[in-house]
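Structural description and commentary
The primary structure of each chain is shown beneath.
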Amino acid sequence: MKNLVNITTSAEQPTFVDARCITGIHILPDKDTMTIYTEKGVLFSLEMKSWKVDADDLLKKLADAGNALVSMPMRHDAKEYPHFIAPEAVTFATVTQVAKDGTQGIIIGVKGLGWEENYEAKPSEIAMLLDAVRQSGKQLMEFTPSEAHARWSTPAALYIDPASVSEIRDDGGQLNVSFIASGTLDVQTEDYTFGNRRSPAEEHTARADLAAKIANANGELTQISGANRAVYVQPQAFATIRFHTVEGNNANKYSMTLERQKTAENPYRESVRISFNTAAQRETAFQHLLAAAQTPATKKTKGPQP
């Protein structure tokens with residue numbers, strides 16, 4: 001453990017925590033409770049008075065130790081709940097246009113917290129968070145709604161930290177982009193702004209191009225070559241590979257399933273099924289995947305590509 005700080009104000013009964021591991025803090029003032037998160041999830045859910053924890057004191061200690069959390073208050077039914085995020089823990093952000101009341105919606109991927117949904121954020125708060133994320137050293141990719149958007153009917157921008165991406169899969173209608181310790185975001189490429197509907201083939205190409213752009217900026221993901229849809233994975237994430245061949249003229253006649261190890265923390269393992277036009281393409285992809293799994297990952301790029 002490094003960078004230990006006493007999260008309490010008590011010298012007699014201190015509680016020491018590695019300051020750099022904290023990814024978020026959420027406070028419920030009316031219940032005098034604080035929840036502290038790390039990349040692995042909830043570290044403490046405590047009563048502030050009985051634990052002798054003061055929010056301002058704790059935030060200062062964390063900042064002094066090199067982990068300056070950014071304020072992103074949560075608002076609901078005219079109430080405000082203090083909420084703080086570590087910029088280095090942010091993996092993505094999808095933002096709406098500014099509403100008539102001057103607020104914006106934002107969904108933030110935060111390691112250990114998953115999705116942080118805020119429907120009444122102030123533009124200044126969002127700008128401050130994004131600036132802090134960039135200053136932390138993250139090379140954020142920014143997409144306009146015409147190229148990519150996620151979750152909002154009135155999107156303004158999508159921001160992705162490519163280094164935090166662990167998997168990309170085209171499911172035929174959207175890209176499912178998975179992030180380290182913060183869930184999976186369904187990303188759209190269709191531009192509905194002025195009724196600019198593309199053909200299915202054009203949308204397929206747009207999704208493939210977007211997947212390649214993110215994967216190239218990541219530099220460590222392995223592409224499943226020859227697949228009918230774009231798939232990029234970390235080979236070491238899977239424990240088994242299974243082949244499937246369906247008789248007859250079937251679009252999914254030749255497929256391959258990548259399966260993760262079932263664990264106590266994740267008993268319902270998620271698999272990735274990939275379809276190919278020919279058995280030869282499947283075999284080539286299999287051999288490429290095996291080679292990638294046995295080769296140490298090396299960064300191919302240093303950041304997002306134009």
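Conventions and cut-offs
Residues numbered from 1 in each chain as written. Predicted model: local features only at pLDDT ≥ 70, side-chain atom pairs only at ≥ 80, totals over all residues. Heavy atoms only, no water. Helix = DSSP H or I, 4+ residues; strand = E, 2+ residues; numbered from the N terminus. Contact = heavy atoms within 4.5 Å. Polar contact = N/O pair within 3.5 Å; in protein donor to acceptor, adjacent residues only side chain to side chain. Buried < 20%, exposed > 50% of the residue type's maximum accessible area, 1.4 Å probe, protein only. Pairing = 2+ DSSP bridges. 1 Å grid on protein atoms, 1.4 Å probe; cavity = no way out; pocket = protein on both sides within 12 Å on 5 of 7 lines; lining within 4 Å. Points joined across faces, edges and corners; volume = space filled by probe spheres on them. Nonpolar A, V, L, I, M, F, W, Y, C, P; charged D, E, K, R; others polar. Core = buried A, V, L, I, M, F, W, Y, C linked by side-chain atoms within 4.5 Å. Axes fitted to C-alpha atoms, helices over the stretch in contact; angles between N-to-C directions.

**Looking at the environment of proline 155**
Here proline 155 lies in strand S14 (residues 155-160). Linking proline 155 and methionine 1, residues 154 residues apart in sequence, is a C-alpha distance of 41 Å. Ignoring any residue separated from it by four or fewer positions in sequence, one finds proline 155 in contact with Val95, Thr96, Gln97, Pro145 and His149.

**Thoughts on the side chain of asparagine 6**
By the secondary structure assignment, asparagine 6 is in strand S1 (residues 4-6). Within the structure, asparagine 6 has its side chain in polar contact with the backbone oxygen of serine 10 (distance 2.8 Å). Excluding residues within four positions of it along the chain, asparagine 6 makes contact with Pro14, Thr15, Phe16 and Lys61.

**Digging into the side chain of histidine 26**
For histidine 26, the location among the structural elements is in strand S3 (residues 22-28). A polar atom in the side chain of histidine 26 sits 2.8 Å from the side chain of histidine 83. Apart from the residues lying within four places of it in its own chain, the contact partners of histidine 26 are Thr33, Met34, Thr35, Tyr37, Met74, Tyr81, Pro82 and His83.

**Observations concerning the pairing of strand S15 (residues 165-170)**
Among the six residues that make up S15, six are buried, leaving the element largely enclosed by the rest of the structure. Alignment of S15 against strand S19 (residues 231-233), held across two bridges, turns out to be antiparallel. Among the inter-strand pairings, arginine 169 is bridged to a residue of S19, identified as valine 231.

**Some details on unusual backbone geometry**
Although it is not a glycine, asparagine 3 sits at a positive phi angle of roughly 50°. In this fold, asparagine 3 is placed in the segment before S1. Under the relative-accessibility criterion, asparagine 3 is labelled partly exposed at 39%. The phi dihedral of arginine 151 falls on the positive side, at around 75°, and the residue is not glycine. Looking at the secondary structure, you find arginine 151 in the loop between strand S13 (141-143) and S14. By relative accessible area, arginine 151 is classed as partly exposed at 49%.

**Structural notes on the layout of surface pockets**
Taken as a whole, the largest pocket spans an internal volume of roughly 430 Å³. What lines the largest pocket is a set of 15 residues, among which Ser166, Phe179, Ile180, Ala181 and Ser182 lie closest to the centre. When residues of the lining of the largest pocket are traced back to their parent elements, those giving at least two are S15, strand S16 (175-179) and strand S17 (183-187). Residue classes in the lining of the largest pocket are distributed as four nonpolar, seven polar and four charged.

**A word on the nonpolar core**
Note on soluble globular proteins: their nonpolar side chains tend to be buried together. Judged by nonpolar contacts, the single largest core of 41 residues is most densely connected at Ile25, Met34, Ile36, Leu58, Leu62, Leu69 and Ile108. Going through the elements one at a time, S3, strand S4 (33-38), helix H2 (55-64), strand S9 (83-85), strand S10 (90-96), strand S11 (104-110), helix H3 (123-135) and S14 are the ones with two or more residues in this core. Of all the elements, H3 adds the most residues to this core, at five residues. Grouped together as the second largest cluster of nonpolar side chains are 24 residues, Phe92, Trp152, Ile214 and Ala230 included.

**Some remarks on the sheet that holds strand S22 (residues 271-276)**
Across a sheet, paired strands are connected by hydrogen bonds in the backbone, their directions being either parallel or antiparallel. On the basis of which strands lie adjacent, the open sheet formed by three strands has the order S20-S21-S22 and antiparallel pairing. The two strands at the open ends of the sheet, each matched to only one other strand, are strand S20 (240-245) and S22. Averaged over all pairs of adjacent strands, the angle between strand axes in this sheet comes to 20°, irrespective of strand direction. By the bridge criterion, six bridges tie strand S21 (residues 254-259) to S22 in an arrangement that is antiparallel. When the bridges of S22 are listed, methionine 256 appears paired with isoleucine 274.

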